[in-house]
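Listed below are the residues making up each chain.
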Amino acid sequence: RSTGCLRECNMNEQHQCRKKICLQWLLSPWAILIGMVLGFLLGTFQKQIAGELSVYGNVYLSLLTMCVLPILVSAVSMSIGRALKKKNMAGTMRRLIAIFVLFLLLLSMAGIITGYVCKPGVNLGKKTQNTLGKLISQTSSSSDLQMFLFKKNPPPPEKPGIVSFVSKIVPSNILRSMVEDRNLEVLFFAIIFGVMLGFIPTKTSERGLLFMELLYHIFSEVIQYALYLLPIGLIFLIAS
């Protein structure tokens, strides 16, 4: 496969293909394992050097984090926009809903089976079990109930409501949401943007979809090239 690629490419593309093949070993599990071991040894025996190298590990993490929001916005907007333009959208939505319901049932069954097999709380006394049962049955948000049995419990959070939830996901300033890493607000913006791209006539919205596709491929390539530095990044991160 690599030989056929080299034959079809021109001289510049052949050079790029050779470079990728030469760097391919950096993506192997062995290279990652070697990076982890070297980072462990460096952090154990050369603590001062490891502390000085920590800044490079943080830079590498920042490089990967930089690509998250552009990929999130472009992928979600492009996918929704192109999906809404398809003629068989109704069939696609039915399949998505069916898959969602199926996985919801499977996860619910897994939770019930795990509780039946592991029997959490079976060693608690009868009085404690009765108290817990009354507390859970009287709590409106019992699915989110969490308590500690052997240390002080934090004060209960405020009861969530649909109004507070909507106010938290609708951004008043999308740029501020991106800067402050409010991913739920950014996701809401990407969904609205993609839906509008899907409803705008094709000739007008195609440029926007192509731009989103270009943005997605650009930052995907950035991550792909950054992965070649993963063994080195692991050395810095694990050592620090």
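From a predicted model like this one, the values you see are computed outputs, not experimental measurements.

Asker: Please clarify how the overall build of the chain should be interpreted in this entry.
Answerer: Regarding its fold elements, the chain presents 12 helices and zero strands. Scanning the chain from its N terminus toward the C terminus, one meets helices and strands in the order α-α-α-α-α-α-α-α-α-α-α-α. Every one of the 240 residues in the chain was classed for burial, and the buried ones make up 20%. The long-range share in the chain, meaning contacts at least 24 apart out of those at least 6 apart in sequence, stands at 71%. For the chain, the accessible area works out to roughly 18,400 Å², and carbon and sulfur atoms hold 68% of it.

Asker: Would you take a moment to explain the packing of helix H4 (residues 47-66) against helix H5 (residues 68-85) for this structure?
Answerer: Helix-helix packing is characterised by the crossing angle of the two axes and by the distance between the axes. In contact at an axis separation of 5 Å, H4 and H5 are set at 15 degrees when each is read in the N-to-C sense. Between H4 and H5, the interaxial angle falls into the category roughly parallel. Within the contact between the two elements, H4 uses Leu 64, Thr 65 and Met 66 and H5 uses Val 68, Leu 69 and Pro 70. Residue composition of the contact of H4 with H5, by class: five nonpolar, one polar and no charged.

Asker: Mind showing me how you'd approach the pattern of salt bridges here?
Answerer: When their charged atoms lie close together, side chains carrying opposite charge are able to pair. Applying the stated criterion to the full structure yields four salt bridges. Residues Glu 180 and Arg 182 are paired through a salt bridge, measuring 2.3 Å at the closest nitrogen-oxygen approach. Since its relative accessible area comes to 42%, Glu 180 is described here as partly exposed. Take Arg 182: its relative accessible area is 36%, and that puts it in the partly exposed class. The residue Arg 182 makes a salt bridge to Glu 185 at a minimum N-O spacing of 3.8 Å. Among the ionic contacts, a cluster of salt bridges with common partners joins Arg 82, Glu 206 and Glu 213.

Asker: Explanation requested: helix H3 (residues 29-45) in the structure shown.
Answerer: In an α-helix there are 3.6 residues to a turn, and that puts residues three or four apart on one side. Spanning 17 residues, H3 covers 24 Å between terminal C-alpha atoms, matching the ideal 24 Å at 1.5 Å per step. Taken as a whole, H3 has its buried residues at Ala 31, Gly 35, Gly 39, Leu 42 and Gly 43. Burial along H3 is one-sided: seen end-on, the buried residues are contained in an arc of 100 degrees. Exposed side of H3, more than 90 degrees from the buried face: Pro 29, Trp 30, Phe 40 and Phe 45 are the residues found there. Summarising the contacts, the buried residues of H3 are in contact with H4 and helix H12 (230-239).

Asker: Help me understand the side chain of Ser 205 in this model?
Answerer: By the secondary structure assignment, Ser 205 is in helix H11 (residues 202-227). Ser 205 sits in the buried class, given a relative accessible area of 2%. Discounting residues that sit within four places of it in the chain, Ser 205 has contacts with Lys 85, Leu 197 and Ile 200.

Asker: In this structure, what is going on with the packing of aromatic side chains? I would like to understand it.
Answerer: Two aromatic rings are characterised by how far apart their centres lie and by the angle between their planes. One pass over the full model with this rule turns up three aromatic pairs. Here Tyr 56 and Phe 236 contribute two aromatic rings whose centre-to-centre distance is 5.7 Å and whose plane-to-plane angle is 45 degrees, an arrangement assigned as tilted. Note that Tyr 56 is positioned in helix H4 and Phe 236 in helix H12, a separation of 180 residues in sequence. The exposure class assigned to Tyr 56 is partly exposed, which follows from its relative accessible area of 49%. Here the guanidinium or amino end of Lys 119 rests over the ring plane of Tyr 116, the centre of that ring lying 4.6 Å away.

Asker: Explain the confidence of the model for the chain to me, please; I cannot follow it from the model alone.
Answerer: Interpretation of the predicted coordinates at a detailed level should be avoided for regions scoring low in pLDDT. Of all residues in the chain, 80% attain a pLDDT of 70 or more, and the chain-wide mean is 81. Here helix H1 (residues 2-8) is the element of the chain with the lowest mean pLDDT, 50, and H3 is the one with the highest, 91.

Parameters and conventions
- Positions within a chain are numbered from 1, following the residues in the order the chain's sequence is written.
- The predicted nature of this model means local features are confined to residues of pLDDT at least 70 and side-chain atom pairs, given and counted, to a pLDDT of 80 or more, with totals for whole chains, interfaces and linings taken over all residues.
- The side-chain numbers reported here are obtained from all heavy atoms of the structure, hydrogens and water having been left aside.
- Numbering of helices and strands runs from the N terminus, with a helix taken as a DSSP run of H or I at least four residues long and a strand as a DSSP run of E at least two residues long.
- Only protein chains enter the accessibility calculation, which uses a 1.4 Å probe; a residue whose area is less than 20% of its type maximum is buried, one above 50% is exposed, and one in between is partly exposed.
- It only takes one pair of heavy atoms within 4.5 Å for two residues to be counted as in contact.
- Values of accessible area rely on a 1.4 Å probe in the Shrake-Rupley scheme; residue burial ignores everything except the protein chains shown.
- All axes are obtained by fitting lines to C-alpha atoms, using only the stretch in contact for helices, and the reported angles, taken between N-to-C directions, cover 0 to 180 degrees.
- Angle categories are assigned with fixed cut-offs, so that under 35 degrees is roughly parallel, over 145 is roughly antiparallel, 65 to 115 is roughly perpendicular, and the rest are oblique.
- Classes in brief: Ala, Val, Leu, Ile, Met, Phe, Trp, Tyr, Cys and Pro nonpolar; Asp, Glu, Lys and Arg charged; the others, Gly included, polar.
- Here a salt bridge means any side-chain nitrogen of Lys or Arg lying within 4 Å of a carboxyl oxygen belonging to Asp or Glu.
- How far a helix is expected to stretch is found by multiplying one less than its residue total by 1.5 Å.
- Our arc is simply the arc of the directions from the helix axis toward the C-beta atoms.
- For Phe, Tyr and Trp, rings pair up if their centres lie within 6.5 Å, where Trp contributes its six-membered ring, and each pair is then called stacked (planes under 30 degrees apart), edge-to-face (over 60) or tilted (otherwise).
- We call a charge positioned above a ring when the Lys NZ or Arg CZ atom is no farther than 6 Å from the ring centre and deviates by at most 35 degrees from the ring normal.
- pLDDT is a residue-level measure of predictor confidence that goes from 0 to 100.

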